[in-house]
Amino acid sequence: MPCNFGTFFQVFIKLWLSCLRMEFRGLVMCFALCVVYTTSKPTERKDRVHHDPQLSDKEHDDQQSFDYDHDAFLGQEEAKTFDQLTPEESKERLGMIVDKIDADKDGFVTEDELKTWIKKSQKRYIYENVDRQWKDFDLNSDAVISWEEYRNVTYGSYLDDPDPEDGFNYKQMMSRDERRFKMADKDGNHFADKDEFTAFLHPEEYEYMKDIVVLETMEDIDKNGDGFIDLEEYIGDMYNHEADSKEPDWVKTEREQFAEFRDKNKDGKMDKEETKDWILPSDYDHAEAEAKHLVYESDTDKDGLLTKEEIVQKYDLFVGSQATDFGEALVVMETIKSRA
(Lines give C-alpha, C1' and ligand atoms only; values in the text may rest on other atoms or scores of the structure.)
Protein backbone atom coordinates (compact mmCIF):
# COMPACT_ATOMS: atom_id res chain seq x y z
CA MET A 1 0.00 0.00 0.00
CA PRO A 2 1.53 3.36 -0.97
CA CYS A 3 2.19 5.69 1.97
CA ASN A 4 1.21 9.36 1.95
CA PHE A 5 4.00 10.70 4.15
CA GLY A 6 2.31 14.02 4.83
CA THR A 7 -0.83 12.33 6.10
CA PHE A 8 1.22 9.84 8.06
CA PHE A 9 3.24 12.56 9.74
CA GLN A 10 0.18 14.53 10.79
CA VAL A 11 -1.47 11.44 12.27
CA PHE A 12 1.82 10.45 13.89
CA ILE A 13 2.18 13.85 15.60
CA LYS A 14 -1.42 13.84 16.78
CA LEU A 15 -1.05 10.41 18.32
CA TRP A 16 2.38 11.14 19.72
CA LEU A 17 1.26 14.33 21.48
CA SER A 18 -1.71 12.47 22.86
CA CYS A 19 0.63 9.82 24.17
CA LEU A 20 2.66 12.38 26.11
CA ARG A 21 -0.17 12.05 28.61
CA MET A 22 0.69 8.39 29.07
CA GLU A 23 3.55 6.43 30.59
CA PHE A 24 6.40 4.87 28.57
CA ARG A 25 4.44 1.75 27.80
CA GLY A 26 1.74 3.96 26.35
CA LEU A 27 4.30 5.68 24.13
CA VAL A 28 5.39 2.37 22.67
CA MET A 29 1.77 1.41 22.02
CA CYS A 30 1.14 4.80 20.46
CA PHE A 31 4.03 4.41 18.02
CA ALA A 32 2.63 1.03 17.08
CA LEU A 33 -0.68 2.70 16.30
CA CYS A 34 1.07 5.15 14.00
CA VAL A 35 2.77 2.31 12.14
CA VAL A 36 -0.49 0.40 11.85
CA TYR A 37 -2.15 3.47 10.37
CA THR A 38 0.22 3.53 7.41
CA THR A 39 0.80 -0.17 6.87
CA SER A 40 -2.58 -1.73 7.59
CA LYS A 41 -4.51 -3.25 4.73
CA PRO A 42 -7.38 -1.18 3.33
CA THR A 43 -9.82 -3.94 4.30
CA GLU A 44 -9.18 -3.35 8.01
CA ARG A 45 -11.97 -1.32 9.55
CA LYS A 46 -11.85 1.46 12.14
CA ASP A 47 -14.35 1.32 14.98
CA ARG A 48 -15.32 4.60 16.68
CA VAL A 49 -18.14 3.12 18.78
CA HIS A 50 -17.67 3.24 22.56
CA HIS A 51 -19.10 0.27 24.47
CA ASP A 52 -19.00 -0.40 28.20
CA PRO A 53 -17.10 -3.62 28.91
CA GLN A 54 -18.75 -6.62 30.55
CA LEU A 55 -18.49 -6.65 34.34
CA SER A 56 -17.12 -10.19 34.33
CA ASP A 57 -16.42 -13.01 31.92
CA LYS A 58 -17.99 -15.44 34.39
CA GLU A 59 -21.58 -16.67 34.24
CA HIS A 60 -24.00 -14.78 36.48
CA ASP A 61 -25.58 -17.67 38.34
CA ASP A 62 -25.87 -17.20 42.09
CA GLN A 63 -26.98 -20.83 42.44
CA GLN A 64 -23.50 -21.91 41.36
CA SER A 65 -21.27 -19.17 42.79
CA PHE A 66 -20.98 -15.44 43.45
CA ASP A 67 -17.89 -15.07 41.23
CA TYR A 68 -19.66 -12.72 38.80
CA ASP A 69 -20.77 -10.47 41.67
CA HIS A 70 -17.24 -10.42 43.12
CA ASP A 71 -15.76 -9.34 39.76
CA ALA A 72 -18.48 -6.72 39.29
CA PHE A 73 -18.14 -5.24 42.76
CA LEU A 74 -14.35 -5.33 43.08
CA GLY A 75 -13.01 -5.55 39.54
CA GLN A 76 -11.51 -8.80 38.35
CA GLU A 77 -7.95 -8.19 39.58
CA GLU A 78 -9.01 -7.07 43.05
CA ALA A 79 -11.41 -10.01 43.28
CA LYS A 80 -8.44 -12.35 42.92
CA THR A 81 -6.80 -10.66 45.92
CA PHE A 82 -9.88 -11.24 48.07
CA ASP A 83 -9.85 -14.92 47.13
CA GLN A 84 -6.76 -15.30 49.32
CA LEU A 85 -8.27 -13.69 52.43
CA THR A 86 -9.94 -15.33 55.38
CA PRO A 87 -13.63 -14.51 55.99
CA GLU A 88 -12.62 -12.22 58.84
CA GLU A 89 -10.17 -10.31 56.67
CA SER A 90 -12.73 -10.08 53.87
CA LYS A 91 -15.34 -8.64 56.22
CA GLU A 92 -12.89 -6.10 57.63
CA ARG A 93 -11.84 -4.86 54.19
CA LEU A 94 -15.44 -4.85 52.99
CA GLY A 95 -16.37 -2.58 55.88
CA MET A 96 -13.70 -0.09 54.78
CA ILE A 97 -14.96 -0.26 51.19
CA VAL A 98 -18.51 0.51 52.36
CA ASP A 99 -17.24 3.73 53.94
CA LYS A 100 -15.88 4.76 50.52
CA ILE A 101 -19.08 3.83 48.69
CA ASP A 102 -21.20 5.94 51.06
CA ALA A 103 -20.38 9.19 49.27
CA ASP A 104 -22.61 11.47 51.33
CA LYS A 105 -21.60 9.81 54.63
CA ASP A 106 -25.17 9.38 55.83
CA GLY A 107 -24.61 5.80 56.99
CA PHE A 108 -26.50 4.23 54.08
CA VAL A 109 -25.50 2.94 50.67
CA THR A 110 -28.00 3.74 47.95
CA GLU A 111 -28.43 1.97 44.64
CA ASP A 112 -26.92 4.96 42.84
CA GLU A 113 -23.87 5.00 45.13
CA LEU A 114 -23.41 1.28 44.54
CA LYS A 115 -23.75 1.77 40.79
CA THR A 116 -21.12 4.53 40.87
CA TRP A 117 -18.75 2.30 42.82
CA ILE A 118 -19.17 -0.61 40.40
CA LYS A 119 -18.45 1.65 37.44
CA LYS A 120 -15.30 2.93 39.15
CA SER A 121 -14.20 -0.61 39.96
CA GLN A 122 -14.54 -1.55 36.30
CA LYS A 123 -12.58 1.54 35.22
CA ARG A 124 -9.86 1.27 37.85
CA TYR A 125 -7.13 1.03 35.20
CA ILE A 126 -8.12 4.51 34.00
CA TYR A 127 -7.88 6.06 37.44
CA GLU A 128 -4.59 4.32 38.17
CA ASN A 129 -3.17 5.63 34.90
CA VAL A 130 -4.25 9.19 35.76
CA ASP A 131 -2.68 8.84 39.22
CA ARG A 132 0.63 7.79 37.71
CA GLN A 133 0.87 10.74 35.34
CA TRP A 134 -0.69 13.39 37.58
CA LYS A 135 2.68 14.55 38.91
CA ASP A 136 3.94 15.15 35.37
CA PHE A 137 1.34 17.86 34.83
CA ASP A 138 0.84 19.29 38.34
CA LEU A 139 4.09 21.20 38.08
CA ASN A 140 3.69 23.30 41.23
CA SER A 141 2.23 20.41 43.30
CA ASP A 142 -0.87 22.35 44.35
CA ALA A 143 -3.23 19.37 43.79
CA VAL A 144 -4.83 20.93 40.71
CA ILE A 145 -3.73 21.30 37.10
CA SER A 146 -4.14 24.54 35.20
CA TRP A 147 -4.49 24.75 31.43
CA GLU A 148 -1.10 26.49 31.30
CA GLU A 149 0.57 23.58 33.10
CA TYR A 150 -0.95 21.04 30.74
CA ARG A 151 -0.17 23.14 27.67
CA ASN A 152 3.47 23.68 28.60
CA VAL A 153 4.11 19.99 29.28
CA THR A 154 2.28 18.73 26.20
CA TYR A 155 3.35 21.27 23.58
CA GLY A 156 6.52 22.73 25.07
CA SER A 157 8.83 24.21 22.47
CA TYR A 158 6.15 24.18 19.76
CA LEU A 159 4.70 27.28 21.42
CA ASP A 160 7.85 29.24 20.50
CA ASP A 161 7.72 28.27 16.82
CA PRO A 162 4.68 29.74 15.05
CA ASP A 163 5.78 28.32 11.71
CA PRO A 164 7.31 24.85 12.23
CA GLU A 165 9.19 23.26 9.33
CA ASP A 166 6.82 20.31 9.15
CA GLY A 167 3.93 22.68 8.47
CA PHE A 168 1.68 21.04 11.02
CA ASN A 169 -0.87 23.25 12.77
CA TYR A 170 -0.03 22.72 16.43
CA LYS A 171 -2.04 25.78 17.42
CA GLN A 172 -5.18 24.19 16.02
CA MET A 173 -4.57 21.04 18.01
CA MET A 174 -3.83 23.05 21.14
CA SER A 175 -7.03 25.05 20.65
CA ARG A 176 -8.98 21.82 20.46
CA ASP A 177 -7.36 20.54 23.66
CA GLU A 178 -8.10 23.84 25.40
CA ARG A 179 -11.76 23.58 24.44
CA ARG A 180 -11.95 20.10 25.92
CA PHE A 181 -10.08 21.20 29.06
CA LYS A 182 -12.58 24.01 29.64
CA MET A 183 -15.49 21.60 29.26
CA ALA A 184 -13.90 19.17 31.71
CA ASP A 185 -13.54 22.07 34.20
CA LYS A 186 -16.99 21.41 35.58
CA ASP A 187 -16.94 24.09 38.29
CA GLY A 188 -15.46 26.71 35.96
CA ASN A 189 -12.62 27.72 38.29
CA HIS A 190 -9.98 27.39 35.51
CA PHE A 191 -8.27 24.46 37.23
CA ALA A 192 -8.77 20.70 36.90
CA ASP A 193 -8.91 18.56 40.02
CA LYS A 194 -8.23 14.82 39.73
CA ASP A 195 -11.75 13.95 38.60
CA GLU A 196 -11.92 16.79 36.08
CA PHE A 197 -8.51 15.87 34.70
CA THR A 198 -9.71 12.30 34.28
CA ALA A 199 -12.72 13.64 32.38
CA PHE A 200 -10.36 15.62 30.15
CA LEU A 201 -8.18 12.60 29.32
CA HIS A 202 -11.07 10.12 29.08
CA PRO A 203 -14.15 12.15 28.09
CA GLU A 204 -16.10 9.12 26.85
CA GLU A 205 -16.36 7.96 30.49
CA TYR A 206 -18.28 11.05 31.65
CA GLU A 207 -21.85 11.94 30.77
CA TYR A 208 -21.22 15.70 30.77
CA MET A 209 -18.29 15.23 28.35
CA LYS A 210 -20.09 13.21 25.71
CA ASP A 211 -20.93 16.25 23.59
CA ILE A 212 -17.23 16.98 23.14
CA VAL A 213 -16.60 13.37 22.12
CA VAL A 214 -19.28 13.74 19.44
CA LEU A 215 -17.97 17.14 18.32
CA GLU A 216 -14.37 15.94 17.99
CA THR A 217 -15.48 12.82 16.11
CA MET A 218 -17.50 14.90 13.67
CA GLU A 219 -14.59 17.28 13.12
CA ASP A 220 -12.34 14.30 12.31
CA ILE A 221 -14.74 12.76 9.78
CA ASP A 222 -16.49 15.82 8.29
CA LYS A 223 -14.01 16.55 5.49
CA ASN A 224 -16.11 19.16 3.68
CA GLY A 225 -16.78 21.12 6.86
CA ASP A 226 -20.55 21.36 6.49
CA GLY A 227 -21.24 20.16 10.05
CA PHE A 228 -22.58 16.76 8.98
CA ILE A 229 -21.24 13.31 8.13
CA ASP A 230 -22.41 12.06 4.76
CA LEU A 231 -22.18 8.48 3.52
CA GLU A 232 -18.84 8.84 1.74
CA GLU A 233 -17.26 10.57 4.75
CA TYR A 234 -18.62 7.81 6.99
CA ILE A 235 -17.19 5.07 4.78
CA GLY A 236 -13.98 6.97 4.10
CA ASP A 237 -13.23 7.21 7.82
CA MET A 238 -13.18 3.43 8.28
CA TYR A 239 -12.08 2.21 4.85
CA ASN A 240 -9.10 3.34 2.78
CA HIS A 241 -10.09 2.49 -0.77
CA GLU A 242 -7.38 1.67 -3.29
CA ALA A 243 -7.80 2.13 -7.03
CA ASP A 244 -8.95 -0.98 -8.88
CA SER A 245 -9.58 -2.84 -5.63
CA LYS A 246 -12.88 -4.47 -4.80
CA GLU A 247 -14.72 -3.26 -1.71
CA PRO A 248 -14.90 -5.94 0.98
CA ASP A 249 -18.32 -7.21 1.98
CA TRP A 250 -18.28 -5.40 5.31
CA VAL A 251 -18.10 -2.04 3.52
CA LYS A 252 -21.30 -2.86 1.66
CA THR A 253 -22.86 -3.79 4.99
CA GLU A 254 -21.78 -0.47 6.48
CA ARG A 255 -23.37 1.41 3.59
CA GLU A 256 -26.62 -0.40 4.35
CA GLN A 257 -26.22 0.32 8.07
CA PHE A 258 -25.81 4.02 7.32
CA ALA A 259 -28.96 4.14 5.20
CA GLU A 260 -31.12 2.02 7.49
CA PHE A 261 -29.94 2.91 11.01
CA ARG A 262 -27.39 5.74 11.18
CA ASP A 263 -29.26 8.29 9.04
CA LYS A 264 -32.48 8.24 11.06
CA ASN A 265 -34.21 11.14 9.30
CA LYS A 266 -33.18 9.88 5.84
CA ASP A 267 -31.62 13.14 4.68
CA GLY A 268 -28.43 11.46 3.48
CA LYS A 269 -26.19 12.57 6.36
CA MET A 270 -25.71 12.29 10.10
CA ASP A 271 -26.21 15.29 12.35
CA LYS A 272 -24.93 15.64 15.91
CA GLU A 273 -27.65 13.54 17.55
CA GLU A 274 -27.41 10.80 14.93
CA THR A 275 -23.63 10.71 15.37
CA LYS A 276 -24.04 10.48 19.13
CA ASP A 277 -26.42 7.53 18.77
CA TRP A 278 -23.78 5.86 16.60
CA ILE A 279 -20.59 6.31 18.64
CA LEU A 280 -22.19 6.42 22.11
CA PRO A 281 -25.01 3.87 21.93
CA SER A 282 -27.38 3.47 24.88
CA ASP A 283 -26.15 0.04 25.86
CA TYR A 284 -27.72 -2.11 28.53
CA ASP A 285 -26.42 -0.73 31.82
CA HIS A 286 -24.73 -3.73 33.45
CA ALA A 287 -23.58 -1.68 36.46
CA GLU A 288 -27.12 -0.51 37.19
CA ALA A 289 -28.49 -4.05 36.89
CA GLU A 290 -25.82 -5.40 39.22
CA ALA A 291 -26.44 -2.62 41.77
CA LYS A 292 -30.15 -3.49 41.80
CA HIS A 293 -29.30 -7.15 42.24
CA LEU A 294 -26.93 -6.53 45.16
CA VAL A 295 -29.43 -4.28 46.92
CA TYR A 296 -32.26 -6.78 46.44
CA GLU A 297 -30.18 -9.64 47.85
CA SER A 298 -28.79 -7.68 50.82
CA ASP A 299 -31.55 -5.30 51.90
CA THR A 300 -32.80 -7.20 54.96
CA ASP A 301 -35.40 -4.64 56.07
CA LYS A 302 -36.44 -3.84 52.46
CA ASP A 303 -36.15 -0.06 52.87
CA GLY A 304 -34.20 0.35 49.63
CA LEU A 305 -31.02 1.31 51.49
CA LEU A 306 -28.07 -0.77 52.67
CA THR A 307 -26.35 -0.32 56.00
CA LYS A 308 -22.79 -1.45 56.58
CA GLU A 309 -24.13 -4.28 58.73
CA GLU A 310 -26.42 -5.53 55.96
CA ILE A 311 -23.57 -5.52 53.44
CA VAL A 312 -21.02 -7.17 55.72
CA GLN A 313 -23.60 -9.78 56.70
CA LYS A 314 -23.75 -10.75 53.02
CA TYR A 315 -19.97 -10.55 52.55
CA ASP A 316 -20.00 -13.82 50.60
CA LEU A 317 -22.10 -12.10 47.91
CA PHE A 318 -19.92 -8.98 47.70
CA VAL A 319 -16.35 -10.21 48.29
CA GLY A 320 -16.58 -13.74 49.74
CA SER A 321 -13.34 -15.62 49.34
CA GLN A 322 -12.26 -19.18 48.70
CA ALA A 323 -10.21 -19.05 51.89
CA THR A 324 -12.97 -20.73 53.91
CA ASP A 325 -12.61 -23.99 52.00
CA PHE A 326 -8.84 -23.59 51.92
CA GLY A 327 -8.75 -23.14 55.69
CA GLU A 328 -10.94 -26.15 56.28
CA ALA A 329 -8.63 -28.23 54.09
CA LEU A 330 -5.65 -27.17 56.19
CA VAL A 331 -7.44 -28.23 59.37
CA VAL A 332 -8.18 -31.64 57.88
CA MET A 333 -4.54 -32.10 56.79
CA GLU A 334 -3.23 -31.12 60.23
CA THR A 335 -5.62 -33.58 61.86
CA ILE A 336 -4.44 -36.38 59.58
CA LYS A 337 -0.80 -35.57 60.36
CA SER A 338 -1.41 -35.59 64.11
CA ARG A 339 -2.99 -39.03 63.92
CA ALA A 340 -0.21 -40.50 61.79
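Going by the annotation in an unreviewed UniProt entry, the name recorded for the chain is Calumenin a, with Paramormyrops kingsleyae given as the source organism. The record held by UniProt for the chain lists under Subunit (unreviewed entry) the comment "Interacts with GGCX." Listed under Function (unreviewed entry) in UniProt, the entry text for the chain is "Involved in regulation of vitamin K-dependent carboxylation of multiple N-terminal glutamate residues. Seems to inhibit gamma-carboxylase GGCX. Binds 7 calcium ions with a low affinity."

### A closer look at the overall build of the chain
Looking only at helices and strands, the chain features 18 helices and 4 strands. Per-residue burial for the chain yields a buried fraction of 37% across its 340 residues. For the chain, long-range pairs separated by at least 24 residues make up 60% of all intrachain contacts whose partners lie at least 6 apart in sequence. Roughly 20300 Å² of accessible area belongs to the chain as shown, and the carbon and sulfur atoms make up 52% of that amount.

### Overview of the packing of helix α9 (residues 170-184) against helix α10 (residues 194-201)
Axis separation between α9 and α10 bottoms out at 8 Å; the angle between their running directions is 140°. In this view, α9 runs oblique relative to α10, as classed from their interaxial angle. Here α9 and α10 pass one another in a crossing that is right-handed. Contact residues: α9 offers Asp177, Arg180, Phe181 and Ala184, while α10 offers Glu196, Ala199, Phe200 and Leu201. Its residues assigned to classes, the contact of α9 with α10 shows 5 nonpolar, no polar and 3 charged.

### What about the pattern of salt bridges?
Evaluated as defined, the whole model comprises 22 salt bridges. With a shortest N-O distance of 3.8 Å, Asp220 and Arg48 are connected by a salt bridge. One end of the pair, Asp220, is in helix α11 (residues 210-221); the other, Arg48, is in the loop between α2 (24-39) and α3 (67-74), and 172 residues separate them in sequence. Between Lys194 and Asp131 there is a salt bridge, with its nearest N and O atoms 2.9 Å apart.

### Here we look at the confidence of the model for the chain
Overall, the predicted model of the chain reaches an average pLDDT of 81, with 77% of residues at or above 70. Scored below 50 in pLDDT, residues 1-15 shows 23 contacts in the model against residues more than four places distant or in partner chains. Note that residues 323-337 has pLDDT below 50 and, in this model, 6 contacts with residues that lie over four places away or in other chains.

### Thoughts on unusual backbone geometry
Of note in the backbone geometry, His190 takes a positive phi value of approximately 75° without being a glycine. Accessibility expressed as a relative area gives 61% for His190, which makes it exposed. With phi around 55°, Lys302 is a residue other than glycine that occupies positive phi space.

### Remarks on α3
In terms of residue burial, α3 counts as a mostly covered element, since 7 of its 8 residues are buried. Within the span of α3, buried status applies to Tyr68, Asp69, His70, Asp71, Ala72, Phe73 and Leu74. Downstream of α3 by one or two residues, Gly75 has phi in the positive range, about 90°.

### Re the packing of helix α5 (residues 87-101) against helix α6 (residues 111-122)
Contact geometry of α5 with α6 gives a least axis separation of 10 Å together with a crossing angle of 110°. Regarding the angle of α5 to α6, the classification is roughly perpendicular. Counted together, Ile97, Lys100 and Ile101 of α5 and Glu113, Leu114 and Trp117 of α6 form the full contact between these two elements. Split by residue class, the contact of α5 with α6 holds 4 nonpolar, no polar and 2 charged.

### Things to note about the nonpolar core
In terms of nonpolar packing, the biggest core is built from 35 residues, with Tyr150, Phe197, Phe200, Tyr234 and Trp278 touching the most fellow members. Contributing elements (two or more residues each) for this core: α7 (124-137), α8 (147-155), α9, α10, α11, α12 (231-238), α13 (249-262) and α14 (272-279). In terms of residue count, the dominant contributor to this core is α11 (5 residues). Leu85, Val109, Leu114 and Ala291 belong to the second largest nonpolar core, which has 26 residues in total.

### Things to note about α11
Here α11 spans 17 Å end to end across 12 residues, near enough to the 16 Å set by a 1.5 Å rise per residue. Along α11, the positions that sit buried rather than exposed are Lys210, Ile212, Val213, Val214, Glu216, Thr217, Met218 and Ile221. Contacts made by the buried residues of α11 are with α9, β3 (229-230), α12, β4 (269-270) and α14.

Rules and cut-offs
Residues numbered from 1 in each chain as written. Predicted model: local features only at pLDDT ≥ 70, side-chain atom pairs only at ≥ 80, totals over all residues. Heavy atoms only, no water. UniProt positions renumbered as here; feature names shortened; annotations may be inferred. Helix = DSSP H or I, 4+ residues; strand = E, 2+ residues; numbered from the N terminus. Buried < 20%, exposed > 50% of the residue type's maximum accessible area, 1.4 Å probe, protein only. Contact = heavy atoms within 4.5 Å. Areas by Shrake-Rupley, 256 points an atom, 1.4 Å probe, with all protein chains shown as cover. Axes fitted to C-alpha atoms, helices over the stretch in contact; angles between N-to-C directions. Parallel < 35°, antiparallel > 145°, perpendicular 65-115°, else oblique. Left-handed = near helix turned anticlockwise from the far one by under 90°. Nonpolar A, V, L, I, M, F, W, Y, C, P; charged D, E, K, R; others polar. Salt bridge = Lys/Arg side-chain N within 4 Å of Asp/Glu carboxyl O. pLDDT = per-residue confidence, 0-100. Core = buried A, V, L, I, M, F, W, Y, C linked by side-chain atoms within 4.5 Å. Expected span 1.5 Å × (residues − 1).

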